Number of protein chains: 4
Amino acid sequence: MINAAIIGATGYAGAELVRILARHKEVDIKYLCSKSYEGQNYADIFCNIRNIIDKECSKDDIEAMAEECDVIFTATPQGYLNSILTEDILEKAKVIDLSADYRIKDVSTYEKWYGIKHGSPKLINEAVYGLCEKNREDIKKARLIANPGCYPTCSYLSIAPALEHGFIEPKSVIIDAKSGTSGAGRGAKVANLFCEVNESIKPYGLPNHRHTPEIEEQLSYAAKEEVMLNFSPHLVPMMRGILVTAYGDLKQRADGSYPTEGEIRDAYEKAYENERFVRFLDEGVLPETRWVRGSNMADVNVVYDDRTKRLIMTGVIDNITKGAAGQAVQNMNLMFGFDEASGLDLIPAVP
Amino acid sequence: MINAAIIGATGYAGAELVRILARHKEVDIKYLCSKSYEGQNYADIFCNIRNIIDKECSKDDIEAMAEECDVIFTATPQGYLNSILTEDILEKAKVIDLSADYRIKDVSTYEKWYGIKHGSPKLINEAVYGLCEKNREDIKKARLIANPGCYPTCSYLSIAPALEHGFIEPKSVIIDAKSGTSGAGRGAKVANLFCEVNESIKPYGLPNHRHTPEIEEQLSYAAKEEVMLNFSPHLVPMMRGILVTAYGDLKQRADGSYPTEGEIRDAYEKAYENERFVRFLDEGVLPETRWVRGSNMADVNVVYDDRTKRLIMTGVIDNITKGAAGQAVQNMNLMFGFDEASGLDLIPAVP
Amino acid sequence: MINAAIIGATGYAGAELVRILARHKEVDIKYLCSKSYEGQNYADIFCNIRNIIDKECSKDDIEAMAEECDVIFTATPQGYLNSILTEDILEKAKVIDLSADYRIKDVSTYEKWYGIKHGSPKLINEAVYGLCEKNREDIKKARLIANPGCYPTCSYLSIAPALEHGFIEPKSVIIDAKSGTSGAGRGAKVANLFCEVNESIKPYGLPNHRHTPEIEEQLSYAAKEEVMLNFSPHLVPMMRGILVTAYGDLKQRADGSYPTEGEIRDAYEKAYENERFVRFLDEGVLPETRWVRGSNMADVNVVYDDRTKRLIMTGVIDNITKGAAGQAVQNMNLMFGFDEASGLDLIPAVP
Amino acid sequence: MINAAIIGATGYAGAELVRILARHKEVDIKYLCSKSYEGQNYADIFCNIRNIIDKECSKDDIEAMAEECDVIFTATPQGYLNSILTEDILEKAKVIDLSADYRIKDVSTYEKWYGIKHGSPKLINEAVYGLCEKNREDIKKARLIANPGCYPTCSYLSIAPALEHGFIEPKSVIIDAKSGTSGAGRGAKVANLFCEVNESIKPYGLPNHRHTPEIEEQLSYAAKEEVMLNFSPHLVPMMRGILVTAYGDLKQRADGSYPTEGEIRDAYEKAYENERFVRFLDEGVLPETRWVRGSNMADVNVVYDDRTKRLIMTGVIDNITKGAAGQAVQNMNLMFGFDEASGLDLIPAVP
């Protein structure tokens, strides 16, 4: 049994952490921190947890919490954790950061895209990018996890195998992504009101959304060369879910041939055959966000277009679960030697 | 470990049974029966269950299944089970019926409101009305459960304590209920298309919805006198959830006084203090369907109107879970001596 | 051609006024006032109006505007207009107020329910309650219109004929109302975010919502006796639309008989036969908000329950149109001698 | 005043024709034809039109109607019109076909992609592709209009100027499109139920959706060379609206330079400066479907990505209005010499 603290517990990712950890047999939630709701009972804000958790929202004194807790989750705005995290804290507690603060290895890239001065650049190198399917072994040994962004997680799982095997041209990749509104957070903004979001779809952040460098960095590791791509997110009138539809030109070989559909499907099949949270779908079956909603699953498939010589790579996750809190718990499970799926036996409620 | 069969597994209640039982540690799903999808892999229809359950939809040979199974759930149209159920089947397997076939004790009332000739009226008497909070002890001993309707469950939990204690006039009760669209089933009907349901609300079935006699019968037991009421259901553009807003005139006592708010709150508090699936909310907190979505919980509260001398009784459940499949599993747990909450530790995903 | 100003033009009712008046052949929109967006182009905020209206949001200097405008619409928070309106302004321009400031004749009732000190109580008496179907002749002569609330409009049109003819007991009336989210306004509040509203329904403001005294006052005029009722509003996950489901006990006559369904239907038929914006539906047809969405229509019907001796009165309007801006324009048309339906030939888009 | 008939009046495009024509000052709706609802009053099915149009659904005897009507709209399934249309009919009445029957000039392409034998191939050549912004002069003289598909309309308006001016590589075009559910029609299918569509997004028809050859043909005219592209449609949980996000590689010139953002914006500006139904948005403003909902407008913009040397072309329309019925009326207006915008002064209701 370990003790956990959640900083930023009243955002959507924080609330999802609570939902998952409340049923996790190895974890005791010790602190729920929230600046906006300090002193209020958490279950009065997120009433889904009524009678299940009875705890007041507290201050986020990270140093004090590090003394009492084995793991600290930070679901906080960009720039917050990097301004307070220290070597001293990491010696006492493991930290899983759901913000972008330690995701990008090049500090100047982080500072440029986020417009924030990084407060603890020395820790960046130590941080392990917590995409479990990719960095499982490093995660097990890590003290500090940079929990991946929702779009990067979905993009990576959909595209990486094609790049790893050189099936597509790295410079041809275009990611057209669609996200539910919870991705925009729980802040009180006119743009996220029901009456502004419902019955409409829009692109946003074109052409330079902040998740772009994170996706490029991770896919560059997969391609073993620099990947520069277009990433176009869209806001969809639904609460949860991300769909990635990505496009890549099939890479012609020296002999003029193209990788075949069979080869590509085999590679994806193999990439995910032992993964418990990634399902590579049958040929012709396209992913839908509803089949993963509220779960830690990713559904992935590829469509081979012989006519245009392009590969269409598609994937879905729940942005709050596999794209944030679920993956954070998966990381925690790895770090503490629990079963990787512990607490994550979440089956989507349909409808 | 017991073996279970689900007849009508590809409706929404059937799919919810699958979702719940797939995680139930004491149950093995042996048969998933569906006329419409016979021979297809269940996970190709409800892909939320991909990699979790791998089973073909089969015929619903109830007699053969009774040999192999300990419990049979029937999530079938009205009139189906009563035409095939026999004493012989019940000797071999316990049956939990999610249709209305055995809910109403008076067979002529059933036949009038449903327009169906009952095929096994002799079994009606034996059937236990499976509202766990009310009939727990009888359920433990039952072979045949009439699993309550979604509206009746929510109505009963909201209103019964007020009637049991004589706080309101039985003849004054009005139930204004609102339901998500899953209550209309998974049949291919124009009226239930996204474009017909979305962005609209409507009443339906006024003034004689089929759940009326079931509600009246159960509330009459609570009031210990005949209750005749108005029940007005409405269709809401959401998938899951039922909200009941019920009205009753406070019953004046011989001395001219009225029951006080404190008395009423105490009675409700007491009624539900030991219930694991009913939460009587704090004064002033009104129920919202989102806080119970996907779970087996019922949230209930009352509002005392001193001005009009009326009691407003409100309650919410998830119509597919506590209103159907969840309650069915709760019944099963009681019948087989499992922990009443086994498999039902479902926390609503928010948002 | 008259000149119009809209104060509070960037709320939902204000935007609806713009949408309607932009196509009104007799009206020129002179000023669009908005505190929050002063100096910005209106079409950059409400882009539906791009290329149609090109005007900057301005300050709301009501005295200056009264010089230039024939009519001023105020879609402002409660208490704002009553603090600035003067006899002098009314001598220059007609004012149609969409707030509650002049709706309630008894100033102490207003001050109690709204918790606001009324700043111009002398003008209350002059104000005409702008329910066109009821006060048409007075409206034609008015300088100051108290444009009715959305819930009161829908409630009145649904219930008044039954009270006027003494078909139901005034003290038995219960109004269970359901509204889309636009009724909650365009303010940046967490409670109105997409992720908080969607896929849920809840009651709010029980038992003392502010529209109660307005509804009671108007229905008392209809009943010619004091009406005290329960009014229970609910928030529905849709953008526009109000549905009222109201209940009244049939009033027994001296001879023991009850009013018949035929009598009641005849009275409603007659009440609305010459109305262009009220449709009394055929027997058995229940109103749905989608059939009036975006239009100035009200659909009304009654259900006669012989079993419980109750009348169920149902009605729907679009809360922003007939419940606010549409009715305001209808009032303007009457006040200036235009065709009552001018600019209001809005047919709901379906779906 | 002309007489019009609508065949297929009870589908969503048919209903939108009714909504628009009901307010059109030059048109009298003579016939509303519907196989499924023959003999029923149209306003009992589409109740938005109650009290506005009082007409029974009739048989679609196109020859008889051609005698009495000036224009016949066919909103019918693919293959229906081409099996019954004759030279004789066209001599008597103009026909505007909302199906795909006459959109594709090469009959074998039509037959291959639609799997239908074309019944009147001789008429294909005469048919004018009714994209008003492109073929205005030909439309004025036409007897038979092939009203464009919703996706092709939105794609063409978004992409054509870039291809016409050679700004992008024709072979690099990728169209990622997102549509509301009304595009799937009003048929009773499980896949289109509220509970199957809501809270989910999915791609469909990859990589060979039927609109592909139509889009390729029209964009080839614009590029003056053959365009082969990827077209990926997605189903969004909303009722109306199409968003196109298209990608094209900037075409390098002989001197190594690329077209500049300024050049491209100028070309788009010019292309649409005189168009009443296309708005080229300000730099940095991205289109949202809500701003065109229920109207005949198209909002278009481009995003220039200097980093990846790609042009992102975005556009939105309402799929039922500009994407079907609105454009059909725009065509009719041109054909009969009415003002092009007659009956189309539809301002989106927001929210």
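Residues numbered from 1 in each chain as written. Chains lettered and ligands numbered in written order. Predicted model: local features only at pLDDT ≥ 70, side-chain atom pairs only at ≥ 80, totals over all residues. Heavy atoms only, no water.

A. Summary view of the interface of chain D and chain A. Every contact between the two is made by 51 residues of chain D and, on the other side, 51 residues of chain A. For the chain D and chain A pair, buried surface summed over both sides reaches about 4,200 Å², with 56% attributable to carbon and sulfur atoms. For the chain D face of the interface with chain A, the top three residues by lost area are Glu199(D), Ile201(D) and Arg307(D), together amounting to 17%. Applying the counting rule to chain D against chain A returns 6 salt bridges. Its salt-bridge partner being Arg307(D), residue Glu216(A) comes within 2.6 Å of it at the nearest N-O pair. Put simply, chain D and chain A have 34 residue pairs in polar contact (both at pLDDT 80 or more) between them. Of all elements in the fold, only strand E8 (174–179), helix H9 (194–197), strand E9 (202–203), helix H10 (211–223), strand E10 (230–235), strand E11 (242–249), strand E13 (298–305) and strand E14 (310–317) of chain D reach the threshold of two or more residues within the side of chain D that touches chain A. Among the elements that line the side of chain D that touches chain A, the one with the most residues is E8(D), at 4 residues. In the side of chain D that touches chain A, the residues fall into 24 nonpolar, 13 polar and 14 charged. (Contact = heavy atoms within 4.5 Å. Buried area = accessible area lost by both parts, 1.4 Å probe. Salt bridge = Lys/Arg side-chain N within 4 Å of Asp/Glu carboxyl O. Polar contact = N/O pair within 3.5 Å; in protein donor to acceptor, adjacent residues only side chain to side chain. Helix = DSSP H or I, 4+ residues; strand = E, 2+ residues; numbered from the N terminus. Nonpolar A, V, L, I, M, F, W, Y, C, P; charged D, E, K, R; others polar.)

B. Structural view of the pattern of salt bridges. In total, this model carries 115 salt bridges over all chains according to the counting rule given. The partner of Glu16(C) in a salt bridge is Arg19(C), with the nearest N and O atoms 2.9 Å apart. Remark: Arg19(C) and Glu16(C) occur in helix H1 (residues 12–21); sequence separation between them is 3 residues, near one turn of the helix. Relative accessible area serves as the criterion here: at 8%, Arg19(C) is assigned to the buried category. One salt bridge in this structure joins Asp138(D) and Lys141(D), with 4.0 Å as the shortest N-O distance. (Buried < 20%, exposed > 50% of the residue type's maximum accessible area, 1.4 Å probe, protein only.)

C. Focus on the state of the cysteines. On inspection of all chains with the given rule, the structure shows 0 disulfides over all chains. Here Cys132(B) stays free of any disulfide, with the sulfur of Cys154(B) as its closest cysteine sulfur at 15 Å. (Disulfide = S-S within 2.5 Å.)

D. Up close: the relation of the copies chain D and chain A. For the pair chain D and chain A, the relating rotation is 180 degrees, the translation along its axis is 0.0 Å, and the fit reaches an RMSD of 0.0 Å. Here the symmetry operator amounts to a two-fold rotation axis. Of all interface residues in chain D, 100% are interface residues in chain A too; the two copies therefore contact each other through one and the same surface. (Least-squares fit on C-alpha atoms with pLDDT ≥ 70 in both.)

E. Structural context of the packing of helix H8 (residues 150–164) of chain D against helix H11 (residues 261–272) of chain D. Residue and element names in this part refer to chain D. Close contact between H8 and H11 brings their axes to 9 Å; oriented N to C, the two are set at 125 degrees. Classified by the angle between their axes, H8 and H11 sit oblique to one another. In this structure, H8 crosses over H11, and the sense of that crossing is right-handed. Here H8 contributes Tyr-156, Leu-157, Ser-158, Ile-159, Pro-161 and Ala-162 to the contact with H11, which in turn contributes Tyr-268, Ala-271 and Tyr-272. (Axes fitted to C-alpha atoms, helices over the stretch in contact; angles between N-to-C directions. Parallel < 35°, antiparallel > 145°, perpendicular 65-115°, else oblique. Left-handed = near helix turned anticlockwise from the far one by under 90°.)

F. Structural detail: the pairing of strand E10 (residues 230–235) of chain B. Residue and element names in this part refer to chain B. Most of E10 is tucked away, with 6 of its 6 residues classed as buried. Judged by which residues are buried, E10 turns out to be covered on both faces: Asn-230, Ser-232 and His-234 on one side and Phe-231, Pro-233 and Leu-235 on the other are all buried. Where strand E8 (residues 174–179) meets E10, 6 bridges bridge the pair, whose relative direction is parallel. Residue pairing in the sheet places Lys-178 in a bridge with His-234 of E10. As paired elements, strand E9 (residues 202–203) and E10 share 2 bridges and run antiparallel to each other. Among the inter-strand pairings, Pro-203 is bridged to a residue of E10, identified as His-234. (Pairing = 2+ DSSP bridges.)

G. Main features of the interface of chain A and chain B. On the chain B side, the residues contacting the 31 residues of chain A number 31 residues. Both sides of the chain A and chain B interface together cover about 2,900 Å² of buried area, and 59% of this is carbon and sulfur. Contact with chain B buries area across many residues of chain A, yet Arg50(A), Ile347(A) and Pro351(A) alone supply 25% of it, more than any other trio. For the pair chain A and chain B, the number of links is 12 residue pairs in polar contact (both at pLDDT 80 or more).

H. Here's a closer look at the relation of the copies chain A and chain B. If you rotate chain A by 180 degrees and push it 0.0 Å along the axis, it lands on chain B with an RMSD of 0.0 Å. Both copies share a contact surface, since 100% of the interface residues of chain A are interface residues in chain B too.

I. Geometry of the side chain of His118(D). Along the chain, His118(D) falls in the loop between helix H6 (107–114) and strand E6 (128–129). The exposure class of His118(D) is buried, given its relative accessible area of 4%.

J. The arrangement of the pairing of strand E2 (residues 27–33) of chain C in detail. Residue and element names in this part refer to chain C. Pairing of strand E1 (residues 2–7) with E2, which is carried by 6 bridges, proceeds in the parallel orientation. In the strand pairing of E2, Ile-6 is matched with Leu-32. Crossover connection from E1 via H1 to parallel E2: handedness right-handed. (Right-handed = clockwise from strand over helix to strand, strands pointing away.)

K. Summary view of the packing of aromatic side chains. Throughout the structure, instances matching the rule amount to 22 aromatic pairs over all chains. Measuring from centroid to centroid gives 5.4 Å for Phe194(B) and Phe194(D), while their planes differ by 10 degrees, and the two rings are stacked. With Phe194(B) in helix H9 (residues 194–197) and Phe194(D) in helix H9, this pair bridges two chains. A relative accessible area of 0% means that Phe194(B) is categorised as buried. Relative to Phe46(C), the ring of Tyr42(C) lies with its centre 5.5 Å away and its plane at 25 degrees, an arrangement referred to as stacked. The exposure class of Tyr42(C) is buried, given its relative accessible area of 1%. (Phe/Tyr/Trp six-rings, centres within 6.5 Å; stacked < 30°, edge-to-face > 60°.)

L. Unusual backbone geometry, seen in detail. A cis geometry characterises the amide bond from Val350(A) onward to Pro351(A), with omega recorded as 0 degrees. Considering the arrangement of structural elements, one finds Pro351(A) in the segment after helix H12 (321–335). Look at Asn51(B): it is not a glycine, yet its phi comes out positive at around 70 degrees. Relative to the helices and strands, Asn51(B) resides in the loop between helix H2 (42–45) and strand E3 (57–58).

M. Examining the sheet that holds strand E1 (residues 2–7) of chain B more closely. Residues and elements named next belong to chain B. Taken in spatial order, the 7 strands line up as E3-E2-E1-E4-E5-E7-E6 in an open sheet, and their pairing is parallel. At either margin of the open sheet sits one strand with a lone partner, and together these are E3 and strand E6 (128–129). As paired elements, strand E5 (residues 94–97) and strand E7 (residues 144–146) share 3 bridges and run parallel to each other. Looking at the pairing, Ile-96 lines up with Ile-145 of E7. Packed onto the sheet, helix H12 (residues 321–335) meets E1, strand E2 (27–33), strand E4 (71–74), E5 and E7 and runs at close to 155 degrees relative to E5.

N. Here's a closer look at the confidence of the model for chain A. Summing up the model confidence of chain A, the mean pLDDT is 98 and the portion of residues at 70 or higher is 100%. Predicted as a complex, the structure gets a pTM of 0.98 and an ipTM equal to 0.97. (pLDDT = per-residue confidence, 0-100.)

O. Examining the sheet that holds strand E6 (residues 128–129) of chain C more closely. Residues and elements named next belong to chain C. As summarised here, the arrangement of the 7 strands in space is E3-E2-E1-E4-E5-E7-E6, forming an open sheet in which the pairing is parallel. Looking at the sheet topology across the chains shown, the edges are occupied by strand E3 (57–58) and E6. This element, helix H12 (residues 321–335), spans E1, E2, strand E4 (71–74), strand E5 (94–97) and strand E7 (144–146) of the sheet and lies at about 155 degrees to E5.

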